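One letter stands for each residue in the lines below.
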Amino acid sequence: MSRIYLFSLYLFVWSPLAAQQPDSCNFALTGSVIDEHDQSRLAYATVFVKELNRGVVADSLGLYFIDKLCPGSYTITVSHVSCEPNTLSFDVRGSANKDLFLEHHIEALQNLTIEGLKLNDRLSSAPSERLDITVLERHSGNSLGDALQEITGISALKTGRTLVKPIIQGMYGSRILIINQGVRLQDMEWGEEHAPNVDINSASGLTLVKGASALRYGGDAIGGTIIIEPSSFLSDTLYGKTSVQAQSNGRGGAFNSELYLSGKTGWFTKVQASLKRFGDFKAPDYHLTNTGSLVTGVSLNAGNHKKAQGFDLFYSFFDADVAIMRASHIGNIDDLIQAINSQQPLVISDFSYRIDQPKQEVTHHLARIKYYRSLSKATDLEVQYDFQHNQRFEFDIRVGDDKTKAALDLELITHTVSGSTKLNKTSNVPLEVGVMYRNQVNFANPDTGIRRLIPDYNRNELAGFVTGTYHLSDHLKLDGGLRYDFVRIDAKKFYQTSRWLERGYDQDFGETVLMEIGSQILVNPIFDFHSFSGTIGANYYWGNNAELRINYALAQRAPNPSELFSDGLHQSASRIELGDLRIAQETSHKIGATIKNQKGRWYWELSPYFTLLNNYILLEPDGVEQTIRGAFPVWVYRPSDVIIMGLDARTSFTWNHHWVSDHRISYIYGQDTQLGRALINIPASNLKNKVTFQRLEWYGLRLSLESSIHFKQSRFPNNNFQAFLPVANTFTEVDISNTPRGYHLINLISTMELPVFGLAGTTFGFSINNLTNTKYRDYLNRLRFFGDEVGRSYQLSIKVTY
Amino acid sequence: MKKSLNIIFLIGSLGLMSACGSDENPLPIVEEELITTLIVTLTPAVGPTITLQSQDLDGDGPNAPIVTVSGALKATEFYDGAITFLNESVTPVEDITLEIQDEDEAHQVFYQAGGNAQMSVTYGDQDANGNPIGLVFSLSTGLASSGTLLITLRHEPDKNGVNVDNGDITNAGGETDIAQSFSIDIL
């Protein structure tokens, strides 16, 4: 009611005041008014041009149109009911498209700041990038790792189609923290084939910090931190969203639905559920047999947010059953040679939705309770407890009674309590101080009948941090922080006596032996790690839209259980993996900078970085071991000194009303300075170009053509080894090092917004991925020896909000 | 401020108290599927039985299998062959051959002469579909020569593949459970 009244008022005040325009003033400004927090379009927002004393009201889709603009500088004020108006200046040199951002629902957002979920919570001098909800929605049927690749400098380490680990500027796995709802995910991301347990549909935005500067969440994020943002909260609302997506390749799709309800007194509830189902994917020439998946996610959020205090409960459940390509399950080196030499998978069957062995079944529960209180205008306090339960089953192809028995059965239980306080909030030196305690117990079920790859252990962590910002002037802001982490790992592990002796552990760890049972030996090693992390940086702003960020981060990371304890045949990788009890923690020094400028219709951004890593733990092939099952390559975790540096660059240009182009390039250089050779698993350079046509009057039509060129990685270490071929009675070289050739992919993406279901916005999307059905293999897919990547796929999606 | 820190420490210490790990020792894992030992007996009509054995008691551990051949084969001789698979890491020792017989359609043993060894192997058994298993076979030697005999146990091979029933492994597919090569002298 009040809304309509306000509009009428604005229209009444402004319309008669439209100033007279000279004839040359025929430029137009168009775009959307967007809620900065959840990236939704704000219907009926007003856009007011001060110099002309003229305003317009955006339509029901948040689109605005101002015509009759002369060349020159304008001050534009955007406002919306219950939003703080946002004023910005804008140079008009021609007709342009400009999205205007507003922070919606200020009252609720202020509380969110206390929750530690807003972007201010990481130190802002760190290079970072954000993915908004529209990008995440487009990846509704994919995984977190797929969506993140939309960010310059992010690539993926994959196992087949579905298991995707993000790589941030060359680093992955335990070097990347994933923060969901303010909780650090503990999801057994130890193996290269373990993907993060996150339902992308539960996120309303994603921020990625490149480097270890998000000290609040952990000091060991040598690669970076991915912060999954929850929905923004609005009082007295009922809001819902349902989306359906169908994909031709894999003959499956995704369904997601959510409902949000809140009252006037700060109470709110949100329920979300999603389901994804895919059958076998198809490469251009054949079906990739046994590559289907079934993924479900449910999340519940409720609480009471008030300014003075509030609490927040969150629970989520994630379940993924993922089939691993049948042809990738091999025996010994002979099978590997056969697979490498064969140009196509050794097992190809007709399409099926079945998820057969080999496969993974993973479940993850996350529960969190949080309480915050504003102690004074300048001081906030927040305490949080969270609980996570992970269960991971991995099934291999087995014989007899064990056919349906898991080969790996791990249960990981994590409790975390943390507290933090914000001090001097209103001064120009705001500080945040926090402490954290975490206990984690891993249980490896012996019923598998296969020796444990990861042992039983108990891990305790204690940490404290302080971060601060110093506002020197309107142009310059400094920030910095320190964090200390203590980690104790208390493990109980069986070694084969032969392995214990071969590694020389009897010399160094003899006192940890508890008992000897047959040919096995039970040991109880206890490791303590003290890790220090720190960051310091500056933000400098000049001109209208130019910014320079520079940041140094020191980070230390204690080795993870697989780096310490791995021991034995990893059947799904067909290799013997050996950890090392002697591995010490990693130390990294990273300097990153970002310089960006929006000059009229032209935007550009350059982000160079340099990382020096001491004791960097990497997994590399190291010879062959003979067993009665034949020979197997041995992969050893080995510490080394390493340099990783690179450059991410991006530019975009708004040609006119309708055409926008966007260009990105990433280059990474990785060098093992200890061995004086290239570093393994460094993503190749890539070049991405995108042209977008938009005609917002045509039901918000947006049409994009995307080209991504991935070059061949020419820098890789030579880890090839000799294998004996008994039949030929000769040795042959096994080429596991060489990288696949480069490739060029083209995608077409289109969206339209049609008011089909009543008043609410309905978005239709149609896209084609791998338009040219290009046949390719990727260096960073663990299954690249066994089959091509996925071919062309048509995708149709409908989203309804209400 | 002081009060807030008290709250943090109170909650922290509650967490510490609740987080007691179990002090029980984990159970050792009994690897029931493991094949540690392969024994081939080659019995001629007259003369001593020749035994080929490979024993790998630590499975995927660092120790290579111990491979023994009890003696040379005679030239132009005909041997009755039999193969046994054992799991000697458990007590009592488990005879895996019986498990293979139970799932005979899902297994096949392949024998390949390598180097210059003059010999050939003919299957002596069949599964329910009339395809060979390879637990029982005959081996005939040619002229004096030396080379290798590679013995491969495949799990879920394609027994209908081209020439697979004749002992040609090329089109067999499946996974390798055992692959062991023996040095053979034919005198």
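Computed from a predicted structure; not experimentally measured. (Residues numbered from 1 in each chain as written. Chains lettered and ligands numbered in written order. Predicted model: local features only at pLDDT ≥ 70, side-chain atom pairs only at ≥ 80, totals over all residues. Heavy atoms only, no water.)

The next subject is the interface of chain B and chain A. Each side of the interface is counted separately: chain B has 56 residues, and chain A has 57 residues. Both sides together, the interface formed by chain B and chain A hides about 4,500 Å², and carbon and sulfur atoms give 58% of it. Applying the counting rule to chain B against chain A returns 2 salt bridges. The shortest N-O distance in the salt bridge between Arg451(A) and Asp60(B) comes to 3.7 Å. Taken together, the connections running from chain B to chain A amount to 10 residue pairs in polar contact (both at pLDDT 80 or more). Across the side of chain B that touches chain A, the residue classes tally to 21 nonpolar, 22 polar and 13 charged. (Contact = heavy atoms within 4.5 Å. Buried area = accessible area lost by both parts, 1.4 Å probe. Salt bridge = Lys/Arg side-chain N within 4 Å of Asp/Glu carboxyl O. Polar contact = N/O pair within 3.5 Å; in protein donor to acceptor, adjacent residues only side chain to side chain. Nonpolar A, V, L, I, M, F, W, Y, C, P; charged D, E, K, R; others polar.)

All names here are of chain A. If you walk through the whole model with that rule in mind, you get 21 aromatic pairs over all chains. The interplanar angle of 45 degrees and the centroid separation of 5.1 Å between the aromatic rings of Tyr 484 and Phe 532 together place this pair among those described as tilted. Residue Tyr 484 is located in strand β28 (residues 476–496), and its partner Phe 532 is located in strand β31 (residues 526–542); the two are separated by 48 residues in the primary sequence. Here Phe 532 falls in the partly exposed class, since its relative accessible area comes to 46%. Put simply, the rings of Tyr 495, Trp 500, Tyr 505, Phe 509, Phe 527, Phe 529 and Phe 565 pair up and form one aromatic cluster. Lying over the aromatic face of Phe 351, Arg 251 brings its terminal NZ or CZ to 4.0 Å of the ring centre. (Phe/Tyr/Trp six-rings, centres within 6.5 Å; stacked < 30°, edge-to-face > 60°. Helix = DSSP H or I, 4+ residues; strand = E, 2+ residues; numbered from the N terminus. Buried < 20%, exposed > 50% of the residue type's maximum accessible area, 1.4 Å probe, protein only. Lys NZ or Arg CZ within 6 Å of the ring centre and 35° of its normal.)

The next point concerns the sheet that holds strand β14 (residues 205–210) of chain A. Residues and elements named next belong to chain A. If you trace the 5 strands from one edge of the open sheet to the other, you get β9-β14-β15-β12-β13, paired in mixed fashion. The outermost strands of the open sheet, each flanked by one partner alone, are β9 (128–131) and β13 (183–184). As defined by bridge partners, strand β12 (residues 176–180) adjoins β13 across 2 bridges and the pair is classed as antiparallel. Note that in β13 the partner of Ile 179 across the bridge is Arg 184. (Pairing = 2+ DSSP bridges.)

Take the sheet that holds strand β10 (residues 175–186) of chain B next. Two modes of strand pairing occur in sheets, parallel and antiparallel, and in both the strands are linked by backbone hydrogen bonds. Residue and element names in this part refer to chain B. Read from one edge of the open sheet, 3 strands run β6-β9-β10, paired in antiparallel fashion. A strand with exactly one partner marks an edge of an open sheet, and here the two such strands are β6 (107–115) and β10. Strand-to-strand twist of the sheet, defined as the mean angle between neighbouring strand axes without regard to direction, takes the value 20 degrees. Direction of pairing for β6 relative to strand β9 (residues 145–155): antiparallel, over a ladder of 9 bridges. Counted as the bridge partner of Gly 115 is Gly 147 from β9. (Axes fitted to C-alpha atoms, helices over the stretch in contact; angles between N-to-C directions.)

A few words now on helix α5 (residues 333–341) of chain A. For α5(A), the full list of buried residues reads Ile333(A), Asp335(A), Leu336(A), Ile337(A) and Ala339(A). Among the structural elements, β36 (602–627), β37 (630–654), β42 (721–725) and β43 (730–734) of chain A together with β9 and β10 of chain B are those in contact with the buried residues of α5(A).

It is worth spelling out the pattern of salt bridges at this point. Two side chains with opposite charge may pair up if their charged atoms get near one another. Considering all chains together, one arrives at 47 salt bridges over all chains under this definition. The partner of Arg216(A) in a salt bridge is Glu382(A), and the shortest N-O contact between them spans 3.6 Å. Here the residue Arg216(A) occupies a position in the loop between β14 and β15 (224–229), and Glu382(A) occupies one in strand β24 (residues 379–395), the gap between them amounting to 166 residues. Among the salt bridges present, the one from Asp380(A) reaches Lys425(A), with a minimum N-O distance of 2.8 Å. Of the two residues, Asp380(A) is situated in strand β24 and Lys425(A) in the loop between β25 (408–423) and β26 (431–444); the sequence distance between them amounts to 45 residues. The exposure class assigned to Asp380(A) is buried, which follows from its relative accessible area of 3%. A residue is classified by how much of its surface remains accessible, and Lys425(A), at 36% relative accessible area, is partly exposed. One salt-bridge network, in which partners are shared between bridges, spans Arg451(A), Lys493(A), Arg499(A), Glu502(A), Arg503(A), Asp567(A), Glu625(A) and Asp60(B).

The volume enclosed by the largest cavity comes to roughly 910 Å³. Of all the elements in the fold, those that place two or more residues in the lining of the largest cavity are β23 (359–376), β24 and β33 (567–570) of chain A together with α2 (96–102), β9 and β10 of chain B. Sort the elements by how many residues they give to the lining of the largest cavity and β33(A) lands first, with 4 residues. Residue composition of the lining of the largest cavity, by class: 17 nonpolar, 15 polar and 16 charged. Looking at the second largest cavity, its volume works out to about 410 Å³. Around the second largest cavity sit 27 residues that line it, and Arg575(A), Trp635(A), Arg782(A), Arg784(A) and Phe785(A) are the ones nearest its centre. (1 Å grid on protein atoms, 1.4 Å probe; cavity = no way out; pocket = protein on both sides within 12 Å on 5 of 7 lines; lining within 4 Å. Points joined across faces, edges and corners; volume = space filled by probe spheres on them.)

Bringing the pairing of strand β18 (residues 267–278) of chain A into the picture now. Residue and element names in this part refer to chain A. In β18, alternate side chains face the same way, and those of Phe 268, Lys 270, Gln 272, Ser 274, Lys 276 and Phe 278 are buried while those of Trp 267, Thr 269, Val 271, Ala 273, Leu 275 and Arg 277 on the opposite face are not. One ladder, built from 10 bridges, connects strand β17 (residues 252–262) with β18; its direction is antiparallel. From the neighbouring strand, Leu 259 faces β18, where its bridge partner is Val 271. Note that β18 and strand β21 (residues 293–305) share 12 bridges and pair antiparallel. Each residue of the ladder has a partner; that of Arg 277, found in β21, is Leu 294.

This part covers the confidence of the model for chain B. Residues and elements named next belong to chain B. Averaged over chain B, the pLDDT score is 86; the fraction of residues at 70 or greater is 88%. The secondary structure element of chain B with the lowest average pLDDT is helix α1 (residues 2–18), at 47, and the one with the highest is strand β1 (residues 37–44), at 96. Predicted confidence is poor over residues 7–21, with pLDDT under 50, and the contacts of this stretch with residues over four places away or in other chains come to 17 contacts. (pLDDT = per-residue confidence, 0-100.)

Quick look at the environment of Gly676(A) now. Structurally, the position occupied by Gly676(A) is in the loop between β38 (659–672) and β39 (677–678). For the pair Gly676(A) and Asp641(A), spaced 35 residues apart in sequence, the C-alpha to C-alpha distance is 9.7 Å.

A few words now on the confidence of the model for chain A. Residues and elements named next belong to chain A. Looking at chain A, pLDDT values average 85 and 91% of them are 70 or higher. Counting contacts from residues 1–23, a segment whose pLDDT is below 50, to residues more than four positions away or on other chains yields 22 contacts. Every residue in residues 105–123 is under pLDDT 50, and counting partners more than four places away or in other chains gives 70 contacts.

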